Amino acid sequence: MMILSANTQWVLLSTMMLGMAAGVVGCFAYWKRQSLMSDALSHAALPGVVAGFAVLGTKSLPFMLGGAALSALLGALFIQWIRTSSRVKEDAAMGIVLSVFFGLGIMLLTLANRLPGGQQSGLDSFIFGQSASMVRQDVYTMLGVTLLVLIVTLVAWKEWKLFLFDPQFGGGLGLSGRVMNLLYMVLLVLVIVIGIQAAGVILMAALLIMPGVSARYWTHSYGGMIGLAALFGGASGAVGTLVSASGNGWPTGPFIVLTASVLFVISLTLGTSKGLLVMLLQHRAQRAALTKQHTHPAHETVERGG
Amino acid sequence: MDRVLSVEQLNASYRKNKVLDNVSFEVLPGTLTAIVGPNGAGKSTLLKAILDLHPRLSGVVSCFGSPYAQVKSRIGYVPQRGSVDWDFPTNALDVVMMGLYGKIGWLKWPKRKHRELALAALEEMGLGNYADRQISQLSGGQQQRVFLARALVQDADLYFLDEPLAGVDAATEKVIMDTLNTLKNKGRTVMVVHHDLQTVEEYFDHVLMLNRTVIAHGKTADTFNQANIMRTYGGSLRWMGDRLG
């Protein structure tokens, strides 16, 4: 039995909450068919983090996260602009923004590491995530944002459902698609921003995408999918943190993602509503029933029991 | 008689192409109108432009003598069935409930009476036993009826339906047309984007023939003739000549 320091317990709580928030917002992205958008925006956050550091010359989380939010939003605006003002399709626009912003971020990072104090800034940990670098203040920020995401989801429960399922009909009822889209984008960027310190800009998207996708294999209900995604996301965050804390300097992001992918594989095979095993069993049962039907008439001599 | 809907000089474009060019028409209450025209004539765009779902370049739309935004709650809309992802995790009853969201009030939770209203509408569509059914497990015709039930619970005075009869079987077609006729007989006004020219005369008392602009509009008996069909479809429908000579 591992004995956890008080700090690790706090970090554990916050990555769990982060996973829950990411699971919920990831469901929104999944239904909007924008899973890739979350990946583009997490990568797009990197230049902002470095710029936020460079402005003050010391590590100041509010500045770095503020910078992350700004550059992620800038990335979103670029994607929107490329898509509407040229013939480039959305997936290509995301690919462009993802790689250009990430490249810019790495370049800035190289420069920042040469600044006095740059080496000790812990900037590198934003790439793959390092939950051990989090302090109590970061934990409070993560808890606050997670609660905000959960509250916004619960309060506007039916509005989200309508917006995600049929925004046109919603528009006819007076639900502004523009406002809902903006709110969705704000939630997505908030979750990315609080998540990159623990999960890293490269792997953050996996925490947004996989819990929702996994949850879909277990349920046909909207609430069920959101609840399960929160559960899977929370478990991924917590287990990933525990594993990374058991080694010295192990990054957190990869372990969070590995946990999420184990949950995904389990869901894919054993999921009760769309899982491969269930589909196989249903197919077998149908075939058996068909065989039985055929064996009833006397002239049929199919004797194979399915 | 008061106009239920009046559209004046409506212009709209899609990207670089002008889709609607100076569209003007008025609709009387208690009528059942088919909107017909070739592919790309702007039929769906017309509905969306009226409903503020597509930007208008210019033009004035008024419903019941007021701007659309002020009378939203009196207007029902049935989008094309293909416009949503039917794999979305929800059931038939939940989709029908969406028609009540305006009445329930934003940010409020539905109550038992709302569930009962939604269930009654499903039953009216012959889908009472499918309330809990995941929507991806419904047939195309059943999905269309769910959409219609969702519009019915809105209890609107003016309905817009976008191709409700596309790809549905004969039984569903009958249920839908019976429902629309019931609405009409109750004095409601219904406008339907329709693609099957053979059934226009049988199903609709008015017809709006559209090809980027209004080619003809009026009572089906006076308006739906060979000359207007040729003008709307540009002579590509030679076979209709035999029937409508």
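Overview of the structure. Predicted model only: the values in this text are computed from it and were never measured.

**What to know about unusual backbone geometry**
All names here are of chain B.
Part 1 of the reasoning: Its identity is not glycine, yet Phe64 carries a phi of approximately 50°, on the positive side.
Part 2 of the reasoning: Along the chain, Phe64 falls in the loop between β4 (58-63) and β5 (66-67).
Part 3 of the reasoning: On the accessibility criterion, Phe64 (21% relative accessible area) is partly exposed.
Part 4 of the reasoning: Within the chain, Leu107 stands out as a residue other than glycine whose phi angle is a positive 65°.
Part 5 of the reasoning: On the secondary structure map, Leu107 appears in the loop between α3 (101-104) and α4 (112-124).
Part 6 of the reasoning: Given a relative accessible area of 46%, Leu107 falls into the partly exposed group.

**Observations regarding the pattern of salt bridges**
Part 1 of the reasoning: Considering all chains together, one arrives at 14 salt bridges over all chains under this definition.
Part 2 of the reasoning: Between A:Lys161 and B:Asp94 there is a salt bridge, with its nearest N and O atoms 2.5 Å apart. Within this pair, whereas A:Lys161 is found in helix α8 (residues 157-165), its partner B:Asp94 is found in helix α2 (residues 92-97), the two belonging to separate chains.
Part 3 of the reasoning: B:Lys174 serves as the salt-bridge partner of B:Asp178, at 2.7 Å between the closest nitrogen and oxygen. Of this pair, B:Asp178 and B:Lys174 both sit in helix α6 (residues 170-185), 4 residues apart, roughly one helical turn.
Part 4 of the reasoning: Residue classification places B:Asp178 among the partly exposed residues on the basis of a relative accessible area of 37%.
Part 5 of the reasoning: Relative accessible area serves as the criterion here: at 53%, B:Lys174 is assigned to the exposed category.
Part 6 of the reasoning: Here the residues in one salt-bridge network are A:Arg216, A:Lys274 and B:Asp87, joined through shared partners.

**Remarks on the packing of aromatic side chains**
Working definition: an aromatic ring pair is given by the centre-to-centre distance plus the angle between the planes.
Part 1 of the reasoning: Going through the model one piece at a time under the given rule, you end up with 16 aromatic pairs over all chains.
Part 2 of the reasoning: Ring geometry for A:Trp31 and A:Tyr222: centres 5.2 Å apart, planes at 25°, overall stacked. Taken together, the residues span a long stretch of sequence, with A:Trp31 in helix α1 (residues 6-31) and A:Tyr222 in helix α12 (residues 222-245) at a distance of 191 residues.
Part 3 of the reasoning: Taking the relative accessible area as the measure of exposure, A:Trp31 reaches 10% and is therefore buried.
Part 4 of the reasoning: For the ring pair A:Trp250 and A:Phe255, a centre distance of 5.6 Å and an interplane angle of 25° mean the geometry is stacked.
Part 5 of the reasoning: Aromatic rings pair up to connect A:Trp31, A:Trp157, A:Phe165, A:Tyr222, B:Trp86, B:Phe88, B:Trp109 and B:Phe147 into one cluster.
Part 6 of the reasoning: One residue, A:Lys32, lies across the ring of A:Tyr184, its end atom 5.3 Å from the ring centre.
Part 7 of the reasoning: Here B:Arg150 stacks its cationic end above the ring of A:Phe169, 3.5 Å away from the centre of that ring.

**Digging into a nonpolar patch on the surface**
Residue and element names in this part refer to chain A.
Part 1 of the reasoning: A surface patch of nonpolar side chains, about 520 Å² in accessible area, is lined by Val262, Ile266, Leu270, Leu277, Leu280 and Leu281.
Part 2 of the reasoning: Those elements that place two or more of their residues in the nonpolar patch are α13 (253-270) and α14 (276-295).
Part 3 of the reasoning: Within the secondary structure, Leu270 is located in helix α13.

**Concerning empty space enclosed by the protein**
Residue and element names in this part refer to chain A.
Part 1 of the reasoning: Applying the stated criterion across every chain, the model contains 1 cavity of 30 Å³ or more.
Part 2 of the reasoning: For the largest cavity, the calculated volume is near 40 Å³.
Part 3 of the reasoning: In terms of lining, the largest cavity is formed by Leu61, Leu65, Asp138, Thr141, Met142, Val193, Ile194 and Gln197.
Part 4 of the reasoning: Mapped onto the lining of the largest cavity, the elements with two or more residues apiece are α4 (61-85), α7 (136-155) and α10 (177-199).
Part 5 of the reasoning: Of the residues in the lining of the largest cavity, the class split is 5 nonpolar, 2 polar and 1 charged.

**Some thoughts on the sheet that holds strand β9 (residues 206-211) of chain B**
All names here are of chain B.
Part 1 of the reasoning: The 6 strands are arranged β6-β7-β8-β3-β9-β10 in an open sheet whose pairing can be described as mixed. Edge strands, defined here as strands with exactly one partner in the open sheet, are β6 (75-78) and β10 (213-219). On average, each strand axis in the sheet is tilted by 15° relative to the strand beside it, whichever way the strands run.
Part 2 of the reasoning: Of the strand pairs in this sheet, β9 and β10 are connected by 6 bridges, and their pairing is antiparallel. What sits directly across from Leu210, in β10, is Val214.
Part 3 of the reasoning: Packing of helix α5 (residues 140-152) onto the sheet brings it into contact with β6 and β7 (158-162), and relative to β6 it is tilted by some 170°.

**Some details on the environment of B:Gly30**
Residue and element names in this part refer to chain B.
Part 1 of the reasoning: Turning to its location among the elements, Gly30 is positioned in the loop between β2 (17-27) and β3 (32-36).
Part 2 of the reasoning: According to the relative accessible area criterion, Gly30 is partly exposed, its value standing at 24%.
Part 3 of the reasoning: Ignoring any residue separated from it by four or fewer positions in sequence, one finds Gly30 in contact with Lys184, Gly187, Arg188, Thr189 and Asp205.

**What about the sheet that holds β2(B)?**
All names here are of chain B.
Part 1 of the reasoning: The antiparallel open sheet is built from 4 strands, whose spatial order is β2-β1-β4-β5. Looking at which strands have only one partner, the edges of the open sheet turn out to be β2 and β5.
Part 2 of the reasoning: When strand β1 (residues 5-14) meets β2, the two strands line up antiparallel, connected through 7 bridges. Among the inter-strand pairings, Ser6 is bridged to a residue of β2, identified as Glu26.
Part 3 of the reasoning: Strand contacts of helix α1 (residues 43-50): β1, β2 and β4, with the helix running at about 65° to β2, the strand carrying the most contacts.

**Thoughts on the packing of α8(A) against α12(A)**
Residue and element names in this part refer to chain A.
Part 1 of the reasoning: Relative to each other, α8 and α12 sit at 105°, their axes nearing to 12 Å. Between α8 and α12, the angle is such that the two are roughly perpendicular. Along its contact with α8, which presents Trp157, Trp160, Lys161 and Leu164, the element α12 presents Tyr222, Gly223 and Ile226.
Part 2 of the reasoning: Split by residue class, the contact of α8 with α12 holds 5 nonpolar, 1 polar and 1 charged.

Criteria and thresholds
Residues numbered from 1 in each chain as written. Chains lettered and ligands numbered in written order. Predicted model: local features only at pLDDT ≥ 70, side-chain atom pairs only at ≥ 80, totals over all residues. Heavy atoms only, no water. Helix = DSSP H or I, 4+ residues; strand = E, 2+ residues; numbered from the N terminus. Buried < 20%, exposed > 50% of the residue type's maximum accessible area, 1.4 Å probe, protein only. Salt bridge = Lys/Arg side-chain N within 4 Å of Asp/Glu carboxyl O. Phe/Tyr/Trp six-rings, centres within 6.5 Å; stacked < 30°, edge-to-face > 60°. Lys NZ or Arg CZ within 6 Å of the ring centre and 35° of its normal. Patch = residues over 30% accessible without salt bridge, like charges linked within 9 Å, V, L, I, M, F, W, Y side chains within 5 Å. Areas by Shrake-Rupley, 256 points an atom, 1.4 Å probe, with all protein chains shown as cover. 1 Å grid on protein atoms, 1.4 Å probe; cavity = no way out; pocket = protein on both sides within 12 Å on 5 of 7 lines; lining within 4 Å. Points joined across faces, edges and corners; volume = space filled by probe spheres on them. Nonpolar A, V, L, I, M, F, W, Y, C, P; charged D, E, K, R; others polar. Pairing = 2+ DSSP bridges. Axes fitted to C-alpha atoms, helices over the stretch in contact; angles between N-to-C directions. Contact = heavy atoms within 4.5 Å. Parallel < 35°, antiparallel > 145°, perpendicular 65-115°, else oblique.

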